[in-house]
Amino acid sequence: MIRCCIFDLDGVVVDTARYHFLAWAELARSLGFELTPAAGEATKGVSRMASLDIVLEAGGFAGRFAPEERECMAARKNDRYLEFVGRMTPDDVLPGVRPFLGELHARGVKIVLGSASKNAGTILDRCGLRPLFDAVVDGTLVARAKPDPEVFVRGAELAGEVPAACVVFEDAAAGIEAAARAGMRSVGVGPSPALAAATLRIAGFEGFTFDRLAAAVD
Ligand code: B16
Ligand code: MG
């Protein structure tokens, strides 16, 4: 029985990863190096400060900055990221997501956001998605980052559902692990081989239906 679907944001509902990458790449350039796509990939699903550590390590700057300097760099990156987010519109919602959320809503399945991003609320508002979500758990509400299950456990609690009734949609391996540790089934969204542990894998939401989900994971 599926009574609640919990969605990661970046890489599942919208493609903000390219904005994160552009903003981190600008920070890297200001430090004198080019950020590689592989380092950018490693920041997916990871908290802002942990992402900064990945970026600094990629440039050979691991452990070189004081906490205040790191805070300052993270703030600069976030300001730049928010400039990109500020230009987002409802057209930025990934294909098939809105119809799938509409179908869940019509069937009375709870819809929850479970994201590491502190900017998740802003992004939902920009894309006109906020009214479709019954609960939003973002990086401002959780202390422990994925693969810790806190974000999803909290989401299920807010929706008033037990973990066994929840399915998590994720594009990052850390999120699939977090779902498993929360006692939830998971759907890996996208092509990454790192999603092999998901209960079900899909390329995206185009043509995806609740019946297909239930047939595969129930
Ligand atoms: P912010 P998700 C994650 O979002 C992103 O994938 C990751 O790249 C980012 O570092 C993290 O949010 C924190 O984002 O700087 O906006 O707080 O995939 O968990 O929806
Ligand atoms: Mg993600």
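Cut-offs and rules
Residues numbered from 1 in each chain as written. Chains lettered and ligands numbered in written order. Predicted model: local features only at pLDDT ≥ 70, side-chain atom pairs only at ≥ 80, totals over all residues. Heavy atoms only, no water. Donors = N, O, S within 2.8 Å, 3.2 Å for Na, K, Ca; no water. Buried < 20%, exposed > 50% of the residue type's maximum accessible area, 1.4 Å probe, protein only. Helix = DSSP H or I, 4+ residues; strand = E, 2+ residues; numbered from the N terminus. Pairing = 2+ DSSP bridges. Right-handed = clockwise from strand over helix to strand, strands pointing away. Core = buried A, V, L, I, M, F, W, Y, C linked by side-chain atoms within 4.5 Å. Domains from an automatic or database assignment. Contact = heavy atoms within 4.5 Å. Salt bridge = Lys/Arg side-chain N within 4 Å of Asp/Glu carboxyl O.

Draft legend 1. Layout of the coordination of the magnesium ion (ligand 2). Within the protein, D8 (OD), D10 (O) and D171 (OD) serve as the donor atoms for the magnesium ion (ligand 2), at 2.0 to 2.2 Å. Judged by relative accessible area, D8 falls into the buried class, the value being 5%. Judged by its relative accessible area of 14%, D10 falls in the buried class.

Draft legend 2. Region of the structure containing the pairing of strand β2 (residues 110–114). Within β2, four of the five residues are buried, leaving the element largely enclosed by the surrounding structure. Pairing between strand β1 (residues 4–7) and β2: four bridges, direction parallel. Looking at β2, one finds that F7 is bridged to L113. Strand direction decides the pairing type here: β2 and strand β3 (residues 135–137), joined by three bridges, are parallel. Looking at the pairing, V112 lines up with A135 of β3. Crossover connection from β2 via helix α6 (residues 120–126) to parallel β3: handedness right-handed.

Draft legend 3. Representation of the nonpolar core within the structure. Grouped together as the largest cluster of nonpolar side chains are 41 residues, with contacts concentrated most on F7, F133, F169, F205 and L213. Two domains share this core, each providing at least three of its residues, namely domain 1 (4–15 + 92–217) and domain 2 (17–85). If we ignore the near neighbours within four places in the chain, the residues touching F205 are F7, V12, P95, G96, V97, F100, F169 and V189. Of all hydrophobic cores here, the second largest spans 16 residues; its members include I6, A135, A179 and M184.

Draft legend 4. Main features of the pattern of salt bridges. If you walk through the whole model with that rule in mind, you get 17 salt bridges. The salt bridge involving E161 is made with R3; its shortest N-O contact spans 2.8 Å. Of this pair, E161 sits in the loop between α7 (150–159) and β4 (166–170) while R3 is found in the segment before β1, placing the two residues 158 residues apart along the sequence. Its relative accessible area of 14% is what places E161 among the buried residues. Relative accessible area serves as the criterion here: at 34%, R3 is assigned to the partly exposed category. Salt-bridge contacts for D211 lead to R107; the nearest nitrogen and oxygen are separated by 3.2 Å. Taken together, the positions of D211 in helix α9 (residues 210–217) and R107 in helix α5 (residues 97–107) put the pair 104 residues apart, joining distant regions of the chain.

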